[in-house]
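Okay, here's what each chain looks like letter by letter:
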Amino acid sequence: MTDQAPTIPSPSSVYLHDASIHILSSTLTSLTPFSSIPELDQALFKSPPADSYILTTDRTIFYPQGGGQPADTGTIRDPERSSFVVSLVRSSVTKPTRILHLGTFPLATPSFQPSSPLIQEIDAAKRALHSRWHTAGHILALAAHQILPSAGLIDGKASHVPGSANVEFKGTIPSEYKSAIEARANELGTKDTAVYIHWWNVETMREKCQGGCEGLEDMLAGNRADGDTSGLLRAVEIEGVGSYPCGGTHLPRTSDVGRIEIRKIARKSGICRVSYAVF
Ligand SMILES: [Zn+2]
């Protein structure tokens, strides 16, 4: 036993711990013209607007694009000075724990001072939309496993981008199961089941998660290299249904997701792609 408090992984990435916070006070740590950040980080942003800056803070509620989920947008402002409009957020590749907020100052020249207290506010409606589509993707994948428990489906990539979302599996989902999987997904959705975020070690991840556990050791090694020695990884659980390793934002309950519709099941080179929409 130790008296030391347990390490919380990535405490500065507030969205990982509480996705319900939409406004947050933070402190400016850097404000850099876009053209002055490392080229490897510049490559994360396609065609940034002229006069763009990269802003970093001590902590953030802005979700950076990743895991199939689009980034948050919003504002970061000093009430007495100017407002920074955030159009895209990415995790730095040169320092992965650093969250880069890309944006512009539409109404004034940049006037934030070093260590300025800044109010962050994300577009809450957009966050809710992204969370709905992301949670729906996990529900749909779990429904596919429930309907075809003996098919040996292995979870693959996923995109939760509204309008072009899909979940992929290694294995075959015959088209005739489309309506049964869709019905099961909606059954799970309307049951008003809780959606939990957990921090688990690798053993628990493998024990509890339906899939997606390939590469967990690499993920841990990366975290250690970035100074996170907790040995914990993040997972999402649809209570009583199943869990996946996941870094995204979710709705607190499945009944908020809405109706899930399977658009198409496509097969190519042993991969089954289930495209879906949420209404
Ligand atoms: Zn996820």
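Residues numbered from 1 in each chain as written. Predicted model: local features only at pLDDT ≥ 70, side-chain atom pairs only at ≥ 80, totals over all residues. Heavy atoms only, no water.

Caption draft 1: Representation of helix H4 (residues 178-190). The first and last C-alpha atoms of H4 sit 18 Å apart over 13 residues, in line with the 18 Å expected at 1.5 Å per residue. Residues of H4 that are buried sit in contact with helix H3 (124-147) and strand E12 (260-268). Following H4 by one or two positions, Asp192 adopts a phi angle in the positive range, close to 60°. (Helix = DSSP H or I, 4+ residues; strand = E, 2+ residues; numbered from the N terminus. Expected span 1.5 Å × (residues − 1). Contact = heavy atoms within 4.5 Å.)

Caption draft 2: Highlighting the side chain of His134. Inspection of the secondary structure puts His134 in helix H3. A distance of 2.8 Å separates polar atoms of two side chains, one belonging to His134 and the other to Gln69. Beyond its immediate sequence surroundings of up to four residues, His134 is in contact with Gly67, Gln69, His160, Cys246, Gly248, Thr249 and His250. (Polar contact = N/O pair within 3.5 Å; in protein donor to acceptor, adjacent residues only side chain to side chain.)

Caption draft 3: The arrangement of the coordination of the zinc ion in detail. Of the protein atoms, only His134 (NE2), His138 (NE2) and Cys246 (SG) coordinate the zinc ion, at distances of 2.0 to 2.2 Å. All donors of the zinc ion come from a single chain, and their spacing in sequence reads H-x3-H-x107-C. With a gap of 112 residues between them, His134 in helix H3 and Cys246 in the loop between strand E11 (242-245) and E12 connect regions that are remote in the sequence. For His134, a relative accessible area of 1% gives the class buried. Given the relative accessible area of 9%, Cys246 is considered buried. (Donors = N, O, S within 2.8 Å, 3.2 Å for Na, K, Ca; no water. Buried < 20%, exposed > 50% of the residue type's maximum accessible area, 1.4 Å probe, protein only.)

Caption draft 4: Fine view of the packing of aromatic side chains. Using the criterion set out here, one finds six aromatic pairs in the structure. Taken together, a centroid distance of 5.6 Å and an interplanar angle of 80° make the contact between Tyr53 and Phe105 edge-to-face. With Tyr53 in strand E2 (residues 53-57) and Phe105 in the loop between strand E5 (99-104) and strand E6 (117-122), the pair connects residues that are 52 residues apart, well separated along the chain. Ring pairs connect the aromatic residues Tyr53, Phe84, Phe105 and Phe112, which therefore count as one cluster. (Phe/Tyr/Trp six-rings, centres within 6.5 Å; stacked < 30°, edge-to-face > 60°.)

Caption draft 5: Representation of the packing of H3 against H4. At their nearest, the axes of H3 and H4 sit 8 Å apart, and the two run at 120° to each other. The orientation of H3 relative to H4 falls into the category oblique. Relative to H4, the crossing made by H3 is right-handed. Residue-level inspection shows Ile139, Leu140, Ala143, Ala144, Gln146 and Ile147 of H3 in contact with H4, the latter providing Ala180, Ile181, Arg184, Ala185, Leu188 and Gly189. (Axes fitted to C-alpha atoms, helices over the stretch in contact; angles between N-to-C directions. Parallel < 35°, antiparallel > 145°, perpendicular 65-115°, else oblique. Left-handed = near helix turned anticlockwise from the far one by under 90°.)

Caption draft 6: Structural view of the confidence of the model for the chain. With 97% of its residues at a pLDDT of at least 70, the chain reaches an overall mean of 93. In the model, residues 1-5 has pLDDT below 50 throughout and makes zero contacts with residues more than four positions away in sequence or in other chains. (pLDDT = per-residue confidence, 0-100.)

Caption draft 7: Fine view of the sheet that holds strand E9 (residues 195-200). Spatially, three strands are ordered E9-E10-E11 in an open sheet, and the strand pairing comes out antiparallel. The two strands at the open ends of the sheet, each matched to only one other strand, are E9 and E11. On average, adjacent strands in this sheet sit at an angle of 30° to one another, irrespective of strand direction. By the bridge criterion, four bridges tie strand E10 (residues 233-238) to E11 in an arrangement that is antiparallel. (Pairing = 2+ DSSP bridges.)

Caption draft 8: Geometry of the sheet that holds strand E1 (residues 23-33). An order of E1-E2-E5-E4-E3-E6 is seen for the six strands of this closed barrel, with the pairing classed as antiparallel. Across this sheet, the average inter-strand angle for adjacent strands is 45°, counted without regard to direction. Across six bridges, strand E4 (residues 83-91) lies against E5 in antiparallel orientation. The residue bridging Val86 from the neighbouring strand is Gly103, located in E5.

Caption draft 9: Quick look at the pairing of E12. The pairing of E12 with strand E13 (residues 271-278) spans eight bridges and is classified as antiparallel. Paired with Lys264 across the strands is Ser275, a residue of E13. What sits between the antiparallel neighbours E12 and E13 is a turn of two residues, in which Ser269 has the positive phi angle 50°.

Caption draft 10: Seen up close, the pattern of salt bridges. Under the defined criterion, the tally for this structure stands at eight salt bridges. Here Glu261 makes a salt bridge to Arg263, at a shortest N to O gap of 3.5 Å. A relative accessible area of 23% places Glu261 in the partly exposed class. In this structure Arg263 comes out as partly exposed when scored by relative accessible area, which is 47%. Ionic contacts of the salt-bridge type, sharing partners, join the residues Arg259, Glu261 and Arg263 into one network. (Salt bridge = Lys/Arg side-chain N within 4 Å of Asp/Glu carboxyl O.)

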